[in-house]
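Okay, here's what each chain looks like letter by letter:
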Amino acid sequence: MRLIAANWKMHKTVSETQDYIKRFLKFVEHPESREILLCPPFTSLYVAGQLLEGSGVKLGAQNCHYEKQGAFTGEVSIPMLKELGCEYVIVGHSERRHIFGESDELINKKVVACLEEGIRPILCVGEKLEDREAGMTFKVVEAQVRLALSGVEEHTDSIDIAYEPVWAIGTGVPATPEDAVAVHRFIKEVLKDINPKARGKTRILYGGSVKPHNAPEFMKHSEIEGLLVGGASLDPEAFAQIVYSF
Ligand code: 13P
């Protein structure tokens, strides 16, 4: 089933979250026909979990720590997220990599922890503009995928991957659906190489300036098995349009 995920990033207080979800749920129908996921900030997870209960809309976090507990000031563990009802965690988002300096090694630890704890990671990968201009897109994406999955190659069916070219995030300039399809196909090949026994359960999502008007163009392609939406997911009506764009 295709997965349409909202990454709110650092947006919305608890009361704004309540308002959003009440409005969003009015648009939700046939939640069994597609997977719908909201990833609010940590502070909104509890209230979001309460409001989403029984709606068929799933809850995810935007980040996690790889240890279960300990002296890690300011961090949030996977057991904490699971108790709030989170079924997914976004791992290795471009903003975590490039603003907060997360390395492939750290991202790998988080992916491993997610699999151990039984929460589904959405691993984000994507090249910078300079990589694309240097013809390095496939090399960069392949390295990110291989390093993130190091040691858990047999478990690729338990993760999803979001291809988010850095130059398309928050710029209003999405990748063309054809360029996205080419990278999605390539990621599938890398996955086959990493885990020949995989049962094809890893979905490859596209993210980067997805809007209600361009979502149908992406979803026309069977290789695009979902979307990870930032800015346009902050408005419940716009996000609902994207959710029902196919
Ligand atoms: P935008 O949709 O705002 O470009 O953000 C994409 C993104 O980073 C989702 O994780």
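Since this is a predicted model, take the numbers as computed values, not measurements. (Residues numbered from 1 in each chain as written. Predicted model: local features only at pLDDT ≥ 70, side-chain atom pairs only at ≥ 80, totals over all residues. Heavy atoms only, no water.)

**So, the nonpolar core**
Here comes step 1: Counting residues in each nonpolar core, the largest one holds 62 residues, and the members touching the most others are Phe24, Leu38, Val145, Ile187, Tyr206, Leu227 and Phe239.
Here comes step 2: A total of eight residues in this core trace back to one element, the largest contributor, which is helix α8 (residues 177-194).
Here comes step 3: Not counting the four nearest positions on each side in its chain, Phe239 is found in contact with Ile4, Ala5, Ala6, Tyr20, Phe24, Ile36, Leu37, Leu38, Val229, Ala232 and Ser233.
Here comes step 4: Ala5, Cys39, Ile90 and Ala162 belong to the second largest nonpolar core, which has 11 residues in total. (Core = buried A, V, L, I, M, F, W, Y, C linked by side-chain atoms within 4.5 Å. Buried < 20%, exposed > 50% of the residue type's maximum accessible area, 1.4 Å probe, protein only. Helix = DSSP H or I, 4+ residues; strand = E, 2+ residues; numbered from the N terminus. Contact = heavy atoms within 4.5 Å.)

**So, the environment of Phe138**
Here comes step 1: Mapped onto the secondary structure, Phe138 falls in helix α7 (residues 137-148).
Here comes step 2: In this structure Phe138 comes out as partly exposed when scored by relative accessible area, which is 37%.
Here comes step 3: Separated by 48 residues in sequence, Phe138 and Phe186 place their C-alpha atoms 7.5 Å apart.

**Here we look at the site of the ligand**
Here comes step 1: Near the ligand the following residues occur: Asn7, Lys9, His93, Glu164, Ala168, Ile169, Gly170, Gly208, Ser209, Leu228, Gly230 and Gly231.
Here comes step 2: Between the ligand and Glu164 there is a distance of 3.0 Å, counted from an oxygen atom to a side-chain nitrogen or oxygen.
Here comes step 3: A distance of 2.9 Å separates an oxygen atom of the ligand from a polar atom in the backbone of Gly230.
Here comes step 4: For the ligand, the protein covers 96% of the area, taking 300 Å² as the surface of the free molecule.
Here comes step 5: Residue composition of the shell around the ligand, grouped by class: three nonpolar, seven polar and two charged. (Near = heavy atom within 4 Å. Polar contact = N/O pair within 3.5 Å; in protein donor to acceptor, adjacent residues only side chain to side chain. Areas by Shrake-Rupley, 256 points an atom, 1.4 Å probe, with all protein chains shown as cover. Nonpolar A, V, L, I, M, F, W, Y, C, P; charged D, E, K, R; others polar.)

**Comments concerning the packing of helix α5 (residues 104-117) against α7**
Here comes step 1: For the pair α5 and α7, interaxial distance at closest approach is 8 Å and the crossing angle is 45°. As the angle between them shows, α5 and α7 are arranged oblique. In contact with Asp104, Ile107, Asn108 and Val111 of α5, α7 contributes Gln144, Leu147 and Ala148.
Here comes step 2: By residue class, the composition of the contact of α5 with α7 is four nonpolar, two polar and one charged. (Axes fitted to C-alpha atoms, helices over the stretch in contact; angles between N-to-C directions. Parallel < 35°, antiparallel > 145°, perpendicular 65-115°, else oblique.)

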